[in-house]
Amino acid sequence: MLWVSRKTIKMNYFPDEVLEHMFFFITSHKDRNSVSLVCKSWYKIERYSRQRVFIGNCYSISPERLIARFPGLKSLTLKGKPHFADFNLVPHEWGGFVYPWIEALAKSRIGLEELRLKRMVVSDESLEFLSKSFVNFKSLVLVSCEGFTTDGLAAIAANCRFLRELDLQENEVDDQRGHWLSCFPESCTSLVTLNFACLKGEINLGALERLVVRSPNLKSLRLNHAVPLDTLQKLLMQAPQLVDLGTGSYVDDPSSEAYSKLKSVFQRCKSIRSLSGFFEVAPHCMSAIYPICRNLTFLNLSYAPGLHGNELTKLIQHCRKLQRLWILDCIGDKGLGVVASTCKELQELRVFPSDLGPGNAAMTEEGLVLLSEGCPKLNSLLYFCQQMTNAALITVAKNCPNFIRFRLCILDPVKCDPVTNQPLDEGFGAIVHFCKGLKRLSLTGLLTDQVFNYIGMYAEQLEMLSIAFAGDSDEGMLYVLNGCKKLRKLEIMKSRFGNAALLEDMGKYEAMRSLWMSSCEVTLGGCKTLAEKMPRLSVEIINESEQMEFSHDDRQKVDKMYLYRTLVGHRKDSPAFVCIL
Amino acid sequence: MESGCSKNGEACPQFLDLIPQQRDWHVKREDERRHGSSEEKKLELRLGPPGEDNWSIKEATKNNTRERDESLLLLGYFSSMKSNGKQTHKLPTPEDHPVGSALSTPWTKIHQHNHQQQTQPQSFLQFPSTSPQSLLVAAKESSQPCCTKAVDFQNAEKKAFSPPANTAVPSNSSQKRTAPGPVVGWPPVRSFRKNLASGSSSKPASETPSVVPHKVANEKPATQPSGKGLLVKINMDGVPIGRKVDLRAYDSYEKLSTAVDELFRGLLAAQRDSFAGGTENKQEEEKVVMGLLDGSGEYTLVYEDNEGDRMLVGDVPWHMFVSTVKRLRVLKRSELSALSLGSSKQRKIPA
């Protein structure tokens, strides 16, 4: 954190180069933003020296203004759709197109080297355009994006001569059965990261092997399901220096030659710290991994429903240095007890549901309590479970006061504390009280306005709050809006918050990135009022049902409203079903 | 307020102003500091440093009094209990219940009371305090089963929750929170994880029959584009009229097999009836279309892929199958050997 007082006016007498050199050491976006606000001269120096820019909402600013301010831009991070788009609440054509950004950057001859996109629509054309426009392009990271096919990947592979990083995380990619892997030229030897785990189609295994052979710098390799175990073994022979490995399909006969070779090659892979994949897994092949386990800091088994609880625990008992664990609820409460006694360094846990049928979730509050007792360093949690109690939440809050992210999802979203039949207000209240650094919170269970009262009072660092099926009245939302000074993102579905809450403090939304409200009590009239009074907000109404034309009945409840602050007014690329008030 | 404190250093409830609109959190906190006695300060949650003994569970279990204090003051909510005497009966003794449930009950009373206060936006200083002894006395009472009273209380709460001048939905009845039916956006799981979850069997991969080794392969993070049907023709030997199936409606080979069975059963029955009537044929017909996938029935299922090859259904993971299948055919097993099929055991290798 850079402290500046009036006495440092003298610093302006330093030549710009000196200041620029000092700013070089300031890397966090927030700090750089603060630096730019000190004075005009610092603003100028900062903006010319800024290389990395993060834009949390691609519609809050235009590419032209970005380029005008930061001509030295090398790395751009953009986020598009709101978070609830992950759960099918936002139609695919809503927006978040990256093409205009690439076009503008290309035209202005920015020397782009890195592009990181999340929840954006990326077309093959934009990938091709990207690949041909920036000579020094090195790194493409796409998270939860859609709209492209393997043809776009082929263009990236073929044209980006110095590509270091191609990282595809959980995207929806259409497989055109092209041979994009073969499009990496023989001269491409610079790959450090290659992650294509989310691709659904077949892979040219020979091309993959040749690529890995000629990539001595490869540190991170995540394969998709189409890569079988014997190929994995061959790849590892060529790349024992890997730090991050995602297996493909991990099935073979344990007596096979490939499997025994794999066992011995795993013993040589001393650098692997992060392990994922295991789409399709044969439990009896897991013992090959044990030699790697002792050094693992990240283990992701959340795509492997074929592993039972006891197989999981047997594996985890070897992972004493684990810091992050993503797992399915097959592990069960007792399994979490094993995690608690083994993984003392654990900081992040995500437990995903393996069966979404009602009443089938395997986790209860017991697992979480056991975990909290054994892992005091826990700071990030995503926990899908069958039930939760206030007592457990209070215990967890006390055991683990370091939570930064706490996301609890009880599959029956309005389930009360089964022991006391009370709402879970007290439990979550304890979480926000004891965990003073809490930045992100997702709530479920039977909740009343009281929990929001607690949140408003105690969650001083809260930046993102997700609410579903909660809240009795506008008071709830008001507690949050008034109390959480650092709130940036608020997303609400199916809760009883209406116009009174929405309109109480409209200025608040300019201090936030965005607000999402769906299936609440907000009406069209309320949204219109807000849009009228706040010109620097963009208030979008998303109406998917065909028959619902944008009626002029202001009393009609709005199905989905998404509003965000913006410096560039209403976007021009919204589809017909989005009405920007 | 101070007068209400009992002498043995137990809970002295203070009342917090819960009206958020006032936005004077800092002022309120200072007020509390000024007016709290040292005992209260010790017990008041927000002032105590995290490591303070008051808040450790071990302390609480050792000392019932402490535990009760803790339970009463856990979240810093000090309620002046006016006439909640009835509800105090619900406080279970700390000895009878684990700390957890002892903790939960006082809070609900407190917040119900607090909520009532919301309609009168006064500073917490002005609220008269009830004797905290009523709280403590209640704690010593033998516990009552909390279930029914909790429910009653909850209903009472809900009625109290509708503030008079509010536009919110009033008189929330106890059934306001029924478990919702299938809701878009719930549960908050990414779609490829949903496919993973619904497609997986509870058996590990090793237990599935070897003929269909990839049945559990739905765990790859593939997403089926929503809203796109995939209708493919399906013909059956001996049945001149074909059908169409929407492959997006299924997520596993078993479901497809069942669907195919149902599709053709009627047609087969009609045909058989025309050759020979009688119930025995109908019984045969029940079985005849079963065993499509594991080679045990009279028929087997093959498909034509996008390269024009005829392939045996069941070798590749479901998602891969769906992406490459062009049409389906139900063949009599006796005809299999007569046809040239692609190798059924190998994966398809791209050229």
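- As recorded in an unreviewed UniProt entry, chain B goes by the name Auxin-responsive protein, listed as coming from Durio zibethinus.
- Under Subcellular location (unreviewed entry), UniProt gives the following word-for-word description of chain B: "Nucleus".
- Database annotation for chain B, UniProt heading Subunit (unreviewed entry): "Homodimers and heterodimers."

- As annotated in an unreviewed UniProt entry, chain A carries the name Protein AUXIN SIGNALING F-BOX 2-like and is attributed to Durio zibethinus.
- Turning to chain A, the UniProt annotation filed under Pathway (unreviewed entry) states: "Protein modification; protein ubiquitination."
- Check the Subcellular location (unreviewed entry) section of the UniProt entry for chain A; it says "Nucleus".

Some thoughts on the overall build of chain B
Thought 1: Secondary structure assignment for chain B yields 13 helices and five strands.
Thought 2: Looking at chain B residue by residue over its 351 residues, the buried ones come to 51%.
Thought 3: Contacts in chain B between residues at least 24 apart in sequence constitute 67% of all its contacts with a sequence separation of at least 6.
Thought 4: Here chain B displays about 16,400 Å² of accessible surface, and carbon together with sulfur accounts for 52% of that area.

A short note on the overall build of chain A
Thought 1: Broken down by element type, chain A carries 20 helices and 25 strands.
Thought 2: Across the 581 residues in chain A, those meeting the buried criterion constitute 63%.
Thought 3: Considering only intrachain contacts with a sequence separation of at least 6, the fraction spanning at least 24 residues in chain A is 71%.
Thought 4: For chain A, the computed accessible surface area is about 21,600 Å², with 51% contributed by carbon and sulfur atoms.

Details of the side chain of S276 of chain A
Thought 1: Relative to the helices and strands, S276 of chain A is located in strand β12 (residues 274-276).
Thought 2: Not counting residues within four places of it along the chain, the set of residues in contact with S276 of chain A comprises R222, L245, G246, T247 and N300 of chain A.

With respect to the pairing of strand β1 (residues 52-55) of chain A
All names here are of chain A.
Thought 1: Here β1 shows a buried face lined by V53 and I55 and an unburied face lined by R52 and F54.
Thought 2: Two strands pair when backbone bridges link them, and β1 and strand β2 (residues 75-79) are joined in this way by four bridges, in the parallel orientation. Residue pairing for β2: I55 is matched across the bridge by L78.
Thought 3: Tracing the backbone out of β1, into helix α4 (residues 63-69) and back to the parallel element β2 gives a crossover that is right-handed.

Description of the packing of helix α8 (residues 205-213) of chain A against helix α9 (residues 229-238) of chain A
All names here are of chain A.
Thought 1: Interhelical geometry of α8 versus α9 gives an angle of 15 degrees and a closest axis separation of 9 Å. The angle between the axes of α8 and α9 places the two elements in the roughly parallel class. The hand of the α8/α9 crossing is right-handed. Mapping the contact onto sequence places L205, L208, E209, V212 and V213 in α8 and T231, K234, L235 and Q238 in α9.

What about helix α2 (residues 29-36) of chain A?
Residues and elements named next belong to chain A.
Thought 1: Within α2, burial applies to D31, R32, V35 and S36. End-on view of α2: buried residues confined to an arc of 140 degrees, all on one side of the axis.
Thought 2: In this structure, the buried residues of α2 make contact with α1 (16-24), α3 (40-49) and α4.

Observations regarding the pattern of salt bridges
Note on pairing: side chains with opposite charge can pair once their charged atoms come close.
Thought 1: Summed over all chains, the structure comprises 25 salt bridges over all chains.
Thought 2: Among the ionic pairs, E540 of chain A bridges to R571 of chain A, the shortest N-O distance being 2.7 Å. In this pair, E540 of chain A is assigned in strand β23 (residues 537-542) and R571 of chain A in the loop between β24 (560-565) and β25 (578-580), connecting sequence segments 31 residues apart.
Thought 3: In this structure R571 of chain A comes out as buried when scored by relative accessible area, which is 8%.
Thought 4: Through salt bridges that share partners, D86, R119 and E170 of chain A together with R190 of chain B make up one connected network.

Examining the pairing of strand β18 (residues 405-410) of chain A
Residues and elements named next belong to chain A.
Thought 1: Here β18 lies mainly inside the structure; five of its six residues are buried.
Thought 2: Both β18 and strand β19 (residues 440-443) contribute to a ladder of three bridges, which runs parallel. Within the sheet, the bridge partner assigned to R407 lies in β19 and is S442.
Thought 3: In this region the chain leaves β18, passes through helix α16 (residues 425-434) and returns to the parallel neighbour β19; the handedness of that crossover is right-handed.

Here's the deal with the sheet that holds strand β2 (residues 239-246) of chain B
Residues and elements named next belong to chain B.
Thought 1: Strands sit in the order β2-β1-β5-β3-β4 across an open sheet of five strands; the sheet is mixed. Looking at strand neighbours, the two that pair on one side only are β2 and β4 (310-312), the edges of this open sheet. Each neighbouring strand pair of the sheet contributes to a mean axis angle of 30 degrees, computed without reference to strand direction.
Thought 2: Bridge analysis of strand β1 (residues 231-236) against β2 gives five bridges, and the strand direction is antiparallel. Opposite V232, over in β2, you have V245 as the bridge partner.

Observations regarding the side chain of S518 of chain A
Residues and elements named next belong to chain A.
Thought 1: Within the element layout of this structure, S518 appears in strand β22 (residues 514-518).
Thought 2: With relative accessibility at 1%, the residue S518 sits in the buried group.
Thought 3: When neighbours within four sequence positions are excluded, S518 is seen to be in contact with L89, I492, M493, K494, D559 and K560.

A look at the packing of aromatic side chains
All names here are of chain A.
Thought 1: Applying the stated rule across the entire model yields 25 aromatic pairs over all chains.
Thought 2: Considering the side-chain rings of Y99 and F129, the 5.5 Å spacing of their centres and the 45 degrees angle between planes classify their relative orientation as tilted. One end of the pair, Y99, is in helix α5 (residues 99-107); the other, F129, is in helix α6 (residues 124-133), and 30 residues separate them in sequence.
Thought 3: Looking at Y99, the relative accessible area reads 31%, which means it is partly exposed.
Thought 4: When the ring centre of W94 is taken as reference, the NZ or CZ atom of R571 above it lies at 4.3 Å.

Brief notes about the nonpolar core
Thought 1: Membership of the largest hydrophobic core comes to 206 residues, with the highest contact counts inside it found for L76, W180, L194, Y250, F406 and I455 of chain A.
Thought 2: With six residues, helix α17 (residues 449-458) of chain A is the largest single contributor of residues to this core.
Thought 3: Once residues lying within four places of it in the same chain are set aside, the contact partners of F406 of chain A are L368, L381, L393, V396, F428, I431, L438, R440, L441 and S442 of chain A.
Thought 4: Among the nonpolar cores identified, the runner-up in size contains 27 residues, and V239, L263, F321 and V322 of chain B belong to it.

Examining the environment of M388 of chain A
Thought 1: Tracing the chain through its elements places M388 of chain A in the loop between β17 (380-385) and α15 (390-399).
Thought 2: If we ignore the near neighbours within four places in the chain, the residues touching M388 of chain A are E365, L368, Y383, L393, L408, I410, C416, D417, P418 and L424 of chain A.

Thresholds applied
- Residues numbered from 1 in each chain as written.
- Chains lettered and ligands numbered in written order.
- Predicted model: local features only at pLDDT ≥ 70, side-chain atom pairs only at ≥ 80, totals over all residues.
- Heavy atoms only, no water.
- UniProt positions renumbered as here; feature names shortened; annotations may be inferred.
- Helix = DSSP H or I, 4+ residues; strand = E, 2+ residues; numbered from the N terminus.
- Buried < 20%, exposed > 50% of the residue type's maximum accessible area, 1.4 Å probe, protein only.
- Contact = heavy atoms within 4.5 Å.
- Areas by Shrake-Rupley, 256 points an atom, 1.4 Å probe, with all protein chains shown as cover.
- Pairing = 2+ DSSP bridges.
- Right-handed = clockwise from strand over helix to strand, strands pointing away.
- Axes fitted to C-alpha atoms, helices over the stretch in contact; angles between N-to-C directions.
- Parallel < 35°, antiparallel > 145°, perpendicular 65-115°, else oblique.
- Left-handed = near helix turned anticlockwise from the far one by under 90°.
- Arc of directions from axis to C-beta.
- Salt bridge = Lys/Arg side-chain N within 4 Å of Asp/Glu carboxyl O.
- Phe/Tyr/Trp six-rings, centres within 6.5 Å; stacked < 30°, edge-to-face > 60°.
- Lys NZ or Arg CZ within 6 Å of the ring centre and 35° of its normal.
- Core = buried A, V, L, I, M, F, W, Y, C linked by side-chain atoms within 4.5 Å.

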